[in-house]
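The lines below spell out each chain.
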Amino acid sequence: MLHLSKTLRAAAVLTMASLALAGCSLISSGDAKRDESGKATESSKADAFKVKLGDCIANPDTQEVVDVTIIPCDQSHDLEAYAVTKMDTSAFPGDTEVGTKAEEFCGAQFATFVGVPFEESALDVTFLHPTSDSWKTGDREIVCLIGAAAGAATTGTLKGAAQ
């Protein structure tokens, strides 16, 4: 299961919320329906560990995320995966350290993806990150997610949106 948190904005401070993956899921939803290039072809429920760079998803209902709804990006969606990285430590560094690493990475990737710094943007950011439980199953991935302010839905990509 992943952990989800909402973005918080403070003057000139990059603060992001997170979603945690829960590694305790016994039943996997599998992957989204995709074409040969890997793009989602229709809205479908998928295991949260299957979210890929460029995927668009519906906002998860909880902060502990097991499944997500992956949606083709040309349809109305809440979030878009704009950057992905893996943590390289062997032992779980703790929730605070995971959150710090995710904020640093997602913040550094934001301006490159959107075209303006986070502090000047109206867009919100959150991220999927490992929990101590999902770490035990090999989860090391941080997935940065971007969406419109106040949870508004978008259509298409926010890449280069400069907003």
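In this report, the structure presented in the accompanying data block is examined. Residue positions within a chain follow its written sequence, with the count starting from 1. The model is predicted, so local features are restricted to residues of pLDDT at least 70 and side-chain atom pairs to those at 80 or more, both for listing and for counting; the totals for chains, interfaces and linings are taken over all residues. Hydrogen atoms and water are omitted, and side-chain values are computed over all heavy atoms in the structure.

Focus: the side chain of His-77
With respect to the helices and strands, His-77 occurs in the loop between strand 8 (67-71) and strand 9 (79-86). Each polar contact in these results corresponds to two N or O atoms within 3.5 Å; when the atoms are within protein, one needs to be able to donate a hydrogen and the other to accept it, and residues that are neighboring in sequence are counted only if both atoms are side-chain atoms. Reaching out from His-77, the side chain makes a polar contact with the backbone oxygen of Gln-75 at a distance of 2.8 Å. Those residues in contact with His-77 that sit more than four places away from it in its chain are Cys-56, Ile-57, Ile-71, Pro-72, Ala-153, Thr-154, Thr-155 and Gly-156. Secondary structure follows DSSP: runs of H or I at least 4 residues long count as helices, runs of E at least 2 residues long count as strands, and numbering of each begins at the N terminus. Residue contacts follow a heavy-atom distance rule, with two residues in contact if any of their heavy atoms lie within 4.5 Å.

Concerning the nonpolar core
Within soluble globular proteins, side chains that are nonpolar tend to cluster in buried spots. Within this scheme, the nonpolar core is defined by two criteria: the residues are buried Ala, Val, Leu, Ile, Met, Phe, Trp, Tyr or Cys, and they are joined through side-chain atoms within 4.5 Å. Accessible area is worked out with a 1.4 Å probe on protein chains only. A residue is then buried under 20% of its type maximum, exposed over 50%, and partly exposed in between. In this structure, Tyr-82, Cys-106, Phe-110, Val-114 and Ile-146 are the most contacted members of the largest nonpolar core, which totals 20 residues. Sorting the residues of this core by element identifies strand 9, helix 1 (95-114), strand 10 (124-130) and strand 11 (141-147) as the ones contributing at least two each. Excluding residues within four positions of it along the chain, Ile-146 makes contact with Asp-78, Leu-79, Glu-80, Tyr-82, Phe-110, Phe-113, Val-114, Leu-123, Asp-124 and Leu-158. By size, the runner-up hydrophobic cluster in this structure holds 14 residues, among which are Ala-32, Ala-40, Ala-48 and Leu-145.

Comments concerning the pairing of strand 9
Where strand 6 (residues 56-57) and strand 9 come together, two bridges link them in antiparallel fashion. Note that in strand 9 the partner of Cys-56 across the bridge is Glu-80. Examined bridge by bridge, strand 9 and strand 11 share six bridges and lie antiparallel to one another. When the sheet's bridge partners are listed, Ala-81 is paired in strand 11 with Leu-145. Two strands form a pair only when DSSP identifies at least two bridges running between them.

Concerning unusual backbone geometry
Even without a glycine there, the phi angle at Ala-150 is positive, about 60 degrees. With respect to the element layout, Ala-150 can be found in the segment after strand 11.

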